[in-house]
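Spelled out, the chains give:
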Amino acid sequence: IGANTAVFILTRKLLENLVIDVLRLKFPPNNNNLPIYYYKEKRKFNDFTILLENLDSKKEEFGIDVPILEEFLKLIFPFRPQANSNAHSLIIKGKKEEIDSYDIERMISLLIKLKTNIENSRSRLGGMVLSWKMDKIRNIQDLDLIEKTLSEIRNKNESYEQLSLGMFYGLV
């Protein structure tokens, strides 16, 4: 089969698992989110192509990380057909020149950065909300203002990332 074909297969599998990790972090498992990355009836994760399509269709929900996601999607789409054909057939032999033509290291680093950003935004949000509450709540009127602001944000369907950035910059 050859080492180059193995590189395609293993790289594809690594990218697929990183995409699943990103989707699971961004869209925690529940009845609405699970179909984004998991096919419940078949008890398996969606095919790589479906995962990428779902990632692309949901990219606007990634807030400030959209440019990272767009760069990854731009890099993965030329790579995917060759990687898929090698992953699903043991006859096709990958060529070193083909491997070198794809920016595999960059694709992996973009997904790891995206995953890390999501993890960090979750931990920052909890800490920022707590410190913001301690700093801003001076009396019962402040509590009313906070409840009103949070309600407005929820009604506008703004993300928690926007809320955390607003708190960080003192906009909320």
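Because the structure is predicted, anything quoted here is derived from the model rather than measured.

K.L.:
It is not clear to me how the overall build of the chain should be interpreted in this structure. Could you clarify?
P.N.:
Scanning the chain for helices and strands turns up eight helices and two strands. The order of α-helices and β-strands along the chain, N terminus first, is α-α-β-β-α-α-α-α-α-α. Residues counted as buried form 36% of the 172 residues belonging to the chain. Contacts spanning at least 24 positions in sequence make up 67% of the contacts within the chain whose residues lie at least 6 apart. By element, 55% of the accessible surface of the chain is carried by carbon and sulfur atoms, the whole surface being about 10800 Å².

K.L.:
Just to check I follow, could you spell out the packing of aromatic side chains for this structure?
P.N.:
Centre-to-centre distance and the angle between the planes together describe a pair of aromatic rings. Evaluated as defined, the whole model comprises three aromatic pairs. Residues F27 and F62 carry aromatic rings whose centres are separated by 6.0 Å and whose planes lie at 80° to one another, so their mutual orientation is edge-to-face. Taken together, the residues span a long stretch of sequence, with F27 in the loop between α1 (3-26) and α2 (34-37) and F62 in the loop between α3 (48-57) and α4 (66-87) at a distance of 35 residues. Pair check on accessibility: F27 and F62 agree, each one buried. On the numbers, 5.3 Å between centres and 80° between planes, the contact of Y38 with F45 is edge-to-face. The side chain of K26 reaches across the aromatic face of F62, ending 5.5 Å from its centre. For the cation-ring pair, K58 lies above F27, with the distance from its terminal atom to the ring centre recorded as 5.8 Å.

K.L.:
What is the right way to read the environment of K96 from this model?
P.N.:
Turning to its location among the elements, K96 is positioned in helix α5 (residues 96-101). Since its relative accessible area comes to 47%, K96 is described here as partly exposed.

K.L.:
Honestly, the pattern of salt bridges in this entry has me stumped. Any pointers?
P.N.:
Here the idea is simple: oppositely charged side chains can pair when their charged atoms come close. Per the stated rule, a full pass over the model turns up eight salt bridges. For D56, the salt bridge is made with K59, and the minimal N-O distance between the two is 3.2 Å. Taking the relative accessible area as the measure of exposure, D56 reaches 29% and is therefore partly exposed. According to the relative accessible area criterion, K59 is partly exposed, its value standing at 22%.

K.L.:
Just to check I follow, could you spell out the confidence of the model for the chain for this structure?
P.N.:
Do not read the fine detail of predicted coordinates wherever pLDDT is low. Looking at the chain, the pLDDT average stands at 76 and 62% of residues meet or exceed 70. The low-confidence segment residues 82-91 (pLDDT under 50) makes 20 contacts with residues lying over four places distant or belonging to another chain. Of the regions scoring below 50 in pLDDT, residues 163-172 engages in 15 contacts with residues more than four places distant in sequence or in other chains.

Reading the values: rules and limits
Residues numbered from 1 in each chain as written. Predicted model: local features only at pLDDT ≥ 70, side-chain atom pairs only at ≥ 80, totals over all residues. Heavy atoms only, no water. Helix = DSSP H or I, 4+ residues; strand = E, 2+ residues; numbered from the N terminus. Buried < 20%, exposed > 50% of the residue type's maximum accessible area, 1.4 Å probe, protein only. Contact = heavy atoms within 4.5 Å. Areas by Shrake-Rupley, 256 points an atom, 1.4 Å probe, with all protein chains shown as cover. Phe/Tyr/Trp six-rings, centres within 6.5 Å; stacked < 30°, edge-to-face > 60°. Lys NZ or Arg CZ within 6 Å of the ring centre and 35° of its normal. Salt bridge = Lys/Arg side-chain N within 4 Å of Asp/Glu carboxyl O. pLDDT = per-residue confidence, 0-100.

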